[in-house]
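Spelled out, the chains give:
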Amino acid sequence: MEYILSVPEIVQSLPTGWTQWAGAIGGAILVGLTGVLPLWVVPAKVGGSSSGPGNDDNLKYLLAFAVGGLLGDVFLHLLPETYQHMIDSGDEGGAGRIGVAVLTGILTFLVLEKVLEISNPETNEELREKENKKIVGYLNLFANCTDNLLHGLAVGTSFLSSFRLGVTTTAAILLHEIPHEFGDFAILLKSGFDRWEAAKAQISTALVGLLGALLALAFESNNDLETLLMYILPFTAGGFLNIALVSVVPELMEEKRPGPALGQFICVIGGIVAMSLLTMV
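Keep in mind the model is a prediction, meaning the values are calculated, not measured. (Residues numbered from 1 in each chain as written. Predicted model: local features only at pLDDT ≥ 70, side-chain atom pairs only at ≥ 80, totals over all residues. Heavy atoms only, no water.)

A. Summary view of empty space enclosed by the protein. Tallied over the entire structure, the rule returns five cavities of 30 Å³ or more. Of the pockets and cavities examined, the second largest cavity occupies roughly 50 Å³. Of all the secondary-structure elements, those providing two or more residues to the lining of the second largest cavity are α1 (18-32), α6 (135-161) and α8 (195-218). Top contributing element to the lining of the second largest cavity by residue count: α6, with four residues. Here the lining of the second largest cavity is built from residues that sort into four nonpolar, five polar and no charged. (1 Å grid on protein atoms, 1.4 Å probe; cavity = no way out; pocket = protein on both sides within 12 Å on 5 of 7 lines; lining within 4 Å. Points joined across faces, edges and corners; volume = space filled by probe spheres on them. Helix = DSSP H or I, 4+ residues; strand = E, 2+ residues; numbered from the N terminus. Nonpolar A, V, L, I, M, F, W, Y, C, P; charged D, E, K, R; others polar.)

Right, dumping it as structure tokens:
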């Protein structure tokens, strides 16, 4: 994530060659394909319709890891990157705008969730509850779309600078995405998606990453791109905060057994540590 706004300045006089386009598009697709990795690694019984108490616990451990990953992403990647760019650009009034963008992200996701629940036309209470349960999954996918847009922009911008930097940036984002995708997969399973639906939904968000790469390649200058990122980064951070603290943590707080509760807390710490280690890459 540290590559999103800190890519070296692009030499605007250089033409965009086919290797840059191929590298950027290939890198964006590769990052997007990490969404299917949990399908192969997470046991089939976890989150399935026939899950027993043990597998329900395993799903909650994954959800706890997702919370840690989201919090680590927000406070160790997205916000530090945004504030560092503000400092580098000398924008003294940017801190307030960053705060507003974070709040906008939080409130947008809160309002979207409530509007989708209220506007559900289903009259059967059981079906209505099942459909409303999926809303958190859809909101998580929306947040992932903005996150993947950032990744695509980062990959495209870095390949414009040099092919070597593009490969390095793609590798760094891949390392960042792998733990993130496991958390996203758990949130989708918790929201009522089956395993294949969750995998297909995650792959569909990869198209937004590809769009980001194409936008970066099409930009004549990176000035407008950086201005756009200054708002997308904190907005995405607000969305992740809402999903982690409003949609997932309340369910984890219902755990009354000391052992599983401690295990979930350790998984939250594990998610944060995983994101912290990635800042060293």
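B. Structural context of the packing of α1 against α8. One way to put it is that α1 packs onto α8 with a least axis distance of 8 Å and a crossing angle of 160°. Classified by the angle their axes make, α1 and α8 are roughly antiparallel. α8 is crossed by α1, and the crossing has right-handed handedness. Contacts between α1 and α8 involve Gln-20, Trp-21, Ala-24, Ile-25, Ala-28, Ile-29 and Gly-32 from the first element and Ala-206, Gly-209, Leu-210, Ala-213, Leu-214 and Leu-217 from the second. Its residues assigned to classes, the contact of α1 with α8 shows ten nonpolar, three polar and no charged. (Axes fitted to C-alpha atoms, helices over the stretch in contact; angles between N-to-C directions. Parallel < 35°, antiparallel > 145°, perpendicular 65-115°, else oblique. Left-handed = near helix turned anticlockwise from the far one by under 90°. Contact = heavy atoms within 4.5 Å.)

C. Representation of the nonpolar core within the structure. Core analysis: the biggest nonpolar cluster contains 46 residues, and Leu-63, Val-67, Ile-187, Ile-243 and Val-248 have the highest contact counts within it. Sorting the residues of this core by element identifies α3 (53-89), α4 (94-118), α6, α7 (163-190), α8 and α9 (223-252) as the ones contributing at least two each. Setting aside chain neighbours within four positions, we find Val-248 in contact with Leu-63, Val-67, Ile-187 and Ile-243. Within the second largest apolar cluster, nine residues are counted, among which are Val-31, Leu-160, Ile-173 and Leu-174. (Core = buried A, V, L, I, M, F, W, Y, C linked by side-chain atoms within 4.5 Å. Buried < 20%, exposed > 50% of the residue type's maximum accessible area, 1.4 Å probe, protein only.)

D. Representation of the packing of aromatic side chains. Within the structure shown, the criterion is met by four aromatic pairs. For the pair Tyr-138 and Phe-193, a centre-to-centre distance of 5.5 Å together with 75° between the ring planes defines the contact as edge-to-face. Taken as a pair, Tyr-138 in helix α6 and Phe-193 in the loop between α7 and α8 lie far apart in primary sequence, 55 residues in all. Between Phe-159 and Phe-163, the aromatic rings sit 5.3 Å apart at their centres with planes inclined by 70°, giving edge-to-face as the arrangement. Taking relative accessible area as the criterion, Phe-159 reaches 3% and is therefore assigned buried. According to the relative accessible area criterion, Phe-163 is partly exposed, its value standing at 47%. Feature note: the residues Phe-109, Phe-142 and Phe-235 constitute an aromatic cluster, connected by ring pairs. (Phe/Tyr/Trp six-rings, centres within 6.5 Å; stacked < 30°, edge-to-face > 60°.)

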